[in-house]
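What follows is each chain in one-letter form.
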Amino acid sequence: MKSTLLLRTLISLFILMTTLAAIAIASSSMAASRQSAIKLINRLATIQKQGVMIGHQDDPMYGCSWKWEENRSDVKEVCGDYPAVMGFDLGDLELGKDKNLDGVPFDRMRKEIIRQHERGGIITLSWHTNNPATGKNAWDFEGDAVSKVLPGGELNKKFNSWLTMVSNFINSLKTADGKKVPVIFRPWHEMSGGWFWWGEGRCTAEQYKKLYRYTYNYMMRRGCSNIVWAYSPNLADQTETVEHYEKYYPGDDVVDLIGIDIYQREEHGNAQYQGWLRSELDVVKKVGEKRKKLIALTETGYNNVPDSTWFTKTLLPVLKEYPICYVLLWRNAWDQPTENYIAAPGKPSEQDFMEFYKDPKTLFIKDIK
Ligand code: BMA
């Protein structure tokens, strides 16, 4: 009897110890596997002290007067250097398409991401995910999609297959010697506006947090160790507050960088836009300090930049007041005549952008190499 009991105790002890060892190995390999992301986080923290990196969405894909040619960039054609940050969008990847929602081929995107990494630059990815409930685009907010994609929901399986496709793409971002390229990923962005199916009024804050955390856990399990995770709400209707900004915040354990998306339109004055930037960045800075997160202006711009001194007189003075690591100006869209957000040869802001480039605060590729 006694010896059976001893044997049983020994067996249970053995099982417990092997389980604990397995957990330790799993968590240490999880930590180790984030190496490339952590390296990027540390680099961003260093750069944040030096100045603000200038970024541009779809920079090497098309510009105001060209598209799909290789080795071109409106930014480079104006100031002689590439933007320090390049942004790309994964929308439509989840449908198995070979081009994104703006016509950018995913193979070309992968190539440009690797090129940007090899020239010493930074990459950020957004994802204008189609509505899984209605089959329409990201701006279709019908169908209660968030609750349906979460575990137990009728679209969970389909959603998993979408996350798998995005994970596979991110895992495929590797240099020739097999090293993974780190990227800042900004899923479920602009949730404080109501225009996307994952936004305000389309799900509860709790559901949103579940969606974000589910995405994080799923993609980390699929080995996406090269992601720096970003939380990126949009401009508040009123003056921003910490409470409002954090309404959808999914947790310190799943976020590395926090930011804000803010645009100026023709009906807004420069002072109004600057007021918004300050109201938001005051809060982003405060939350960043409190939570020890990197901070950025994750999207901005003035469509078609009609003001010829906008970069140096409106944007730059505010950038100088905040320790943000980057600002991403949106695309010089080939397909949307009203969506040109950065300088290009022959545009009214061309000269001003040169001055903006020369300012010590603004960082381009040559400054961060
Ligand atoms: C939006 C606009 C759209 C575009 C989308 C994804 O803000 O620029 O025209 O399709 O981003 O890039």
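In short, a report on the structure. As the structure is a computational prediction, the values presented were derived from the model and not from experiment. (Residues numbered from 1 in each chain as written. Predicted model: local features only at pLDDT ≥ 70, side-chain atom pairs only at ≥ 80, totals over all residues. Heavy atoms only, no water.)

### Thoughts on the overall build of the chain
Part 1 of the argument: A count of helices and strands for the chain gives 12 helices and nine strands.
Part 2 of the argument: Scaling as 2.2 N^0.38, a compact globule of 369 residues should have a C-alpha radius of gyration of about 21 Å, and the chain matches this with 22 Å.
Part 3 of the argument: Each principal axis of the C-alpha distribution contributes one length, and for the chain these read about 90 × 45 × 40 Å.
Part 4 of the argument: Expressed as a percentage of the 369 residues in the chain, the buried residues total 56%.
Part 5 of the argument: Within the chain, residue pairs in contact and separated by at least 24 positions form 75% of the contacts whose partners lie at least 6 positions apart.
Part 6 of the argument: Only carbon and sulfur atoms are counted for the fraction: they give 55% of the accessible area of the chain, which is about 15800 Å².
Part 7 of the argument: When the 47 positive and 46 negative side-chain charges of the chain are each reduced to one mean point, those points stand 8 Å apart. (Helix = DSSP H or I, 4+ residues; strand = E, 2+ residues; numbered from the N terminus. Rg over C-alpha atoms; globule rule 2.2 N^0.38 Å. Buried < 20%, exposed > 50% of the residue type's maximum accessible area, 1.4 Å probe, protein only. Contact = heavy atoms within 4.5 Å. Areas by Shrake-Rupley, 256 points an atom, 1.4 Å probe, with all protein chains shown as cover. Lys, Arg positive; Asp, Glu negative; His and termini not counted. Charge placed at Lys NZ, Arg CZ, Asp CG, Glu CD.)

### Describing the site of the ligand
Part 1 of the argument: The ligand sits among Leu-101, Asp-102, His-128, Trp-139, Trp-330, Arg-331 and Glu-339.
Part 2 of the argument: Contact distances for the ligand include 2.6 Å between an oxygen atom and a side-chain N or O atom of Asp-102.
Part 3 of the argument: At 2.4 Å, a side-chain N or O of Glu-339 approaches an oxygen atom of the ligand.
Part 4 of the argument: Across the shell around the ligand, the residue classes tally to three nonpolar, one polar and three charged. (Near = heavy atom within 4 Å. Polar contact = N/O pair within 3.5 Å; in protein donor to acceptor, adjacent residues only side chain to side chain. Nonpolar A, V, L, I, M, F, W, Y, C, P; charged D, E, K, R; others polar.)

### Observations regarding the pairing of strand S6 (residues 257-264)
Part 1 of the argument: S6 sits mainly inside the fold: eight of its eight residues count as buried.
Part 2 of the argument: Taking every second residue as pointing to the same face, both faces of S6 are buried, with Leu-257, Gly-259, Asp-261 and Tyr-263 on one and Ile-258, Ile-260, Ile-262 and Gln-264 on the other.
Part 3 of the argument: Summarising the sheet, strand S5 (residues 227-231) and S6 pair through two bridges and their orientation is parallel. Directly across from Ala-230, in S6, lies its bridge partner Leu-257.
Part 4 of the argument: With seven bridges connecting them, S6 and strand S7 (residues 294-302) associate as parallel partners. Bridged to Gly-259 within S7 is Ala-296.
Part 5 of the argument: In this view, the connection linking S6 to its parallel neighbour S7 by way of helix H9 (residues 270-291) has right-handed handedness. (Pairing = 2+ DSSP bridges. Right-handed = clockwise from strand over helix to strand, strands pointing away.)

### Concerning the pattern of salt bridges
In a structure, side chains of opposite charge can pair up when their charged atoms sit close to one another.
Part 1 of the argument: All chains considered together, the criterion is met by 25 salt bridges.
Part 2 of the argument: Notably, a salt bridge pairs Lys-111 with Glu-70, separated by 3.2 Å at the nearest N-O pair. A residue pair is termed long-range when its members are at least 10 positions apart, and Lys-111 in helix H4 (residues 106-118) and Glu-70 in the loop between strand S1 (52-57) and helix H3 (74-79) qualify at 41 residues.
Part 3 of the argument: Note that Lys-290 and Glu-246 form a salt bridge whose closest N and O atoms lie 2.8 Å from each other. Of this pair, Lys-290 sits in helix H9 while Glu-246 sits in the loop between helix H8 (242-245) and S6, and the two are 44 residues apart along the sequence.
Part 4 of the argument: What makes Glu-246 buried here is its relative accessible area of 16%.
Part 5 of the argument: If you follow the salt bridges from partner to partner, you end up with Glu-70, Arg-108, Lys-111, Glu-112 and Arg-115 in one network. (Salt bridge = Lys/Arg side-chain N within 4 Å of Asp/Glu carboxyl O.)

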